[in-house]
Amino acid sequence: MNNIIIIGSGITGLTIGSELQKRRIDFKIFDSRESIGGKIQTFRICKMNLDKGFQVLLRNYPSLKIFPEINDIEYMDFKSGFIINKNNTFFKLLNPLKNLSGIFYYNRFPGFSFKDKVLLLKLYLMKNRIKNDQKPLDFLKNFGFSKSFINDFFVTFFQGVFLDKSLNIPLNYFLFIFKLFATGKVSIPVNGINEIPRTISKKIDPNKINLNSKIKKITKNQIICSDNKKYKFDKLICTNPQIESIFDTEINQNIFKEIKYNGTSCFYFTVTITNIEEKIIYLFPESDLISSLYFIKVTDNKHIVSISSLNKTCSIDDMKKEFIGYFNNIKNLNYLKRFVVDEALPAMNSFYNYNSCSFMEYSTNIFFCGDFLASPSLNGAIESGENLAKGIF
């Protein structure tokens, strides 16, 4: 087994490559992009590192244990809590598990009842996995949370995590992510989110990674690139379900043709503003455009603001108008960049945690893996790649 080809240099492809490198198994990685990282990209614009979409790292992801080097990255940590706008007023809430003022002072906003606070603690202390197929919103309602708190906190906060306002994900996965946010650090690398795949790639011989290599066709034992170069394989590992669309009809099973994705848009501006707080997430349950935003200080009063929206067609002018409507202490607001990510996260479906191993044996020599077969997160992407490397090599 000499010819192993991995298609995709995102987190999953790099995870497999690092595992095979460790086992001294030869392989090649092909990617049509000009840089590694897949969907995890950072762009240098106006001397600033801007991520393609608001992406954070939950530092207590279990799968990160195989990459201790990621802990050495310099991070900007978000404060554990949020600032929410209700009735045109901002209210700050801090996580009482990490900050005592979250118990005695920063713990209230309209619609957040004492019963909701008790239920939050009860939800956090739950230890057993729930054996039912309830959707998260139905579960939260049956658990006893008020309708307003479900909408203002759970929907408004987690729609930005799952890119789905209906929170249509498996319940146990929702609870898993809820507890990670409650207990761990939430961070962004100072030099941009792409520093994570760059760090992983250092474990791989750079000569094994072939960028700008678009594949136009795959047969049962070879790939054909757009420059008509052909590469035979003994095993082919595909890290994106869309790769199936270029399979020869002889091998194409049309398994992934119905898979869907959730998307997002992200706007970056520089703004001269006072009386705001940086490194904390702002939530806007009453807005149809803004799902969340955060500020990073550049100079004393100058900040970068990153604004996220589930509305992928929102214009720059509409977003400016919406933002100014919430903050009346703005002097200068200058547009930097808008990113639209159509396929940011796979929508949860029957492929979630596929076969309890998070990868698929498509045929005797072709395999699929990635977050779409695990869970829609960096944790799922690493987990799928690690499981495949352990499972077939």
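Our subject is the structure listed above.
If you're wondering where the values come from, they're calculated on a predicted model, not measured in any experiment. (Residues numbered from 1 in each chain as written. Predicted model: local features only at pLDDT ≥ 70, side-chain atom pairs only at ≥ 80, totals over all residues. Heavy atoms only, no water.)

**Student:** Looking at this model, I keep getting lost on the pairing of strand 1 (residues 4–7). Mind explaining?
**Tutor:** Along any regular strand the residues' side chains alternate between the sheet's two faces. Neither face of strand 1 is left uncovered, since the one carrying Ile 4 and Ile 6 and the one carrying Ile 5 and Ile 7 both have all their residues buried. Pairing geometry for strand 1 and strand 14 (residues 235–238), over four bridges, is parallel. Bridge pairing in strand 14 places Ile 6 opposite Ile 237. Pairing analysis gives three bridges linking strand 1 to strand 2 (residues 28–30), with the strands arranged parallel. The residue bridging Ile 5 from the neighbouring strand is Lys 28, located in strand 2. Assessed by its sense of winding, the connection that carries the chain from strand 1 through helix 1 (residues 11–22) to strand 2 is right-handed. (Buried < 20%, exposed > 50% of the residue type's maximum accessible area, 1.4 Å probe, protein only. Helix = DSSP H or I, 4+ residues; strand = E, 2+ residues; numbered from the N terminus. Pairing = 2+ DSSP bridges. Right-handed = clockwise from strand over helix to strand, strands pointing away.)

**Student:** Would you explain unusual backbone geometry in this entry?
**Tutor:** Trans peptide bonds make up the majority, and among non-glycine residues the majority have a negative phi. Residues other than glycine seldom take positive phi values, yet Leu 167 does so here, at roughly 50°. You can see Leu 167 is positioned in the loop between helix 5 (147–162) and helix 6 (171–183). For Leu 167, a relative accessible area of 0% puts it in the buried group. Of note in the backbone geometry, Lys 279 takes a positive phi value of approximately 60° without being a glycine. Note on placement: Lys 279 falls in the loop between strand 15 (261–273) and strand 16 (281–283).

**Student:** Is there a simple way to explain helix 9 (residues 378–392) in this structure?
**Tutor:** Owing to its 3.6 residues per turn, the α-helix aligns residues three or four sequence positions apart on the same side. With 15 residues, helix 9 extends 22 Å from end C-alpha to end C-alpha; this agrees with the ideal 21 Å at 1.5 Å per step. Buried within helix 9 are the following residues: Leu 378, Asn 379, Gly 380, Ala 381, Ile 382, Ser 384, Gly 385, Glu 386, Leu 388, Ala 389 and Ile 392. (Expected span 1.5 Å × (residues − 1).)

**Student:** Where do I start with the pairing of strand 3 (residues 42–45) in this structure?
**Tutor:** In the sheet, strand 3 pairs with strand 4 (residues 48–51) via four bridges, with the strands oriented antiparallel. Residue pairing in the sheet places Phe 43 in a bridge with Leu 50 of strand 4. In this structure, the hairpin formed by strand 3 and strand 4 is closed by a connection of two residues, where Cys 46 is found at a positive phi of approximately 50°.

**Student:** Please explain the side chain of Glu 195 as it appears in this structure.
**Tutor:** The residue Glu 195 is located in helix 7 (residues 195–201) in this model. For the buried Glu 195, no salt bridge exists, and the shortest N-O distance to an oppositely charged side chain is 4.3 Å, to Arg 198. For Glu 195, the contacting residues outside a window of four places in its chain are Ile 73 and Pro 189. (Lys, Arg positive; Asp, Glu negative; His and termini not counted. Salt bridge = Lys/Arg side-chain N within 4 Å of Asp/Glu carboxyl O. Contact = heavy atoms within 4.5 Å.)

**Student:** In this structure, what is going on with the packing of helix 1 against helix 9? I would like to understand it.
**Tutor:** Between two packed helices, the angle of one axis relative to the other and the distance separating the axes together describe the packing. Running from N to C, helix 1 and helix 9 cross one another at 35°; their axes reach a closest spacing of 8 Å. Relative to helix 9, the crossing made by helix 1 is right-handed. Between helix 1 and helix 9, the contacting residues are Ile 11, Thr 12, Thr 15, Ile 16 and Glu 19 on the first element and Leu 378, Ala 381, Ile 382, Gly 385, Glu 386, Leu 388 and Ala 389 on the second. Looking at the contact of helix 1 with helix 9 residue by residue, the class counts come to seven nonpolar, three polar and two charged. (Axes fitted to C-alpha atoms, helices over the stretch in contact; angles between N-to-C directions. Left-handed = near helix turned anticlockwise from the far one by under 90°. Nonpolar A, V, L, I, M, F, W, Y, C, P; charged D, E, K, R; others polar.)

**Student:** I'm lost on a nonpolar patch on the surface in this one. Help?
**Tutor:** Side chains of Leu 100, Ile 103, Phe 104 and Tyr 105 sit close together on the surface and give an oily, nonpolar patch of about 500 Å² of accessible area. Here Phe 104 is to be found in helix 2 (residues 101–104). (Patch = residues over 30% accessible without salt bridge, like charges linked within 9 Å, V, L, I, M, F, W, Y side chains within 5 Å. Areas by Shrake-Rupley, 256 points an atom, 1.4 Å probe, with all protein chains shown as cover.)

**Student:** Is there a simple way to explain the pattern of salt bridges in this structure?
**Tutor:** Any two side chains of opposite charge can pair, so long as their charged atoms come close to each other. Under the definition given, this model contains 13 salt bridges. Measuring nitrogen to oxygen at the nearest pair gives 2.6 Å for the salt bridge that ties Asp 26 to Lys 208. Taken together, the residues span a long stretch of sequence, with Asp 26 in the loop between helix 1 and strand 2 and Lys 208 in the loop between helix 7 and strand 10 (209–210) at a distance of 182 residues. Judged by its relative accessible area of 41%, Asp 26 falls in the partly exposed class. Among the salt bridges present, the one from Glu 250 reaches Lys 220, with a minimum N-O distance of 4.0 Å. Highlighted residues: Glu 250 in the loop between strand 14 and strand 15 and Lys 220 in the loop between strand 11 (215–218) and strand 12 (222–225), separated in sequence by 30 residues. On the basis of relative accessibility, which here comes to 47%, the residue Lys 220 falls in the partly exposed class. Put simply, Glu 19, Lys 22 and Arg 23 are held in one network by salt bridges that share partners.

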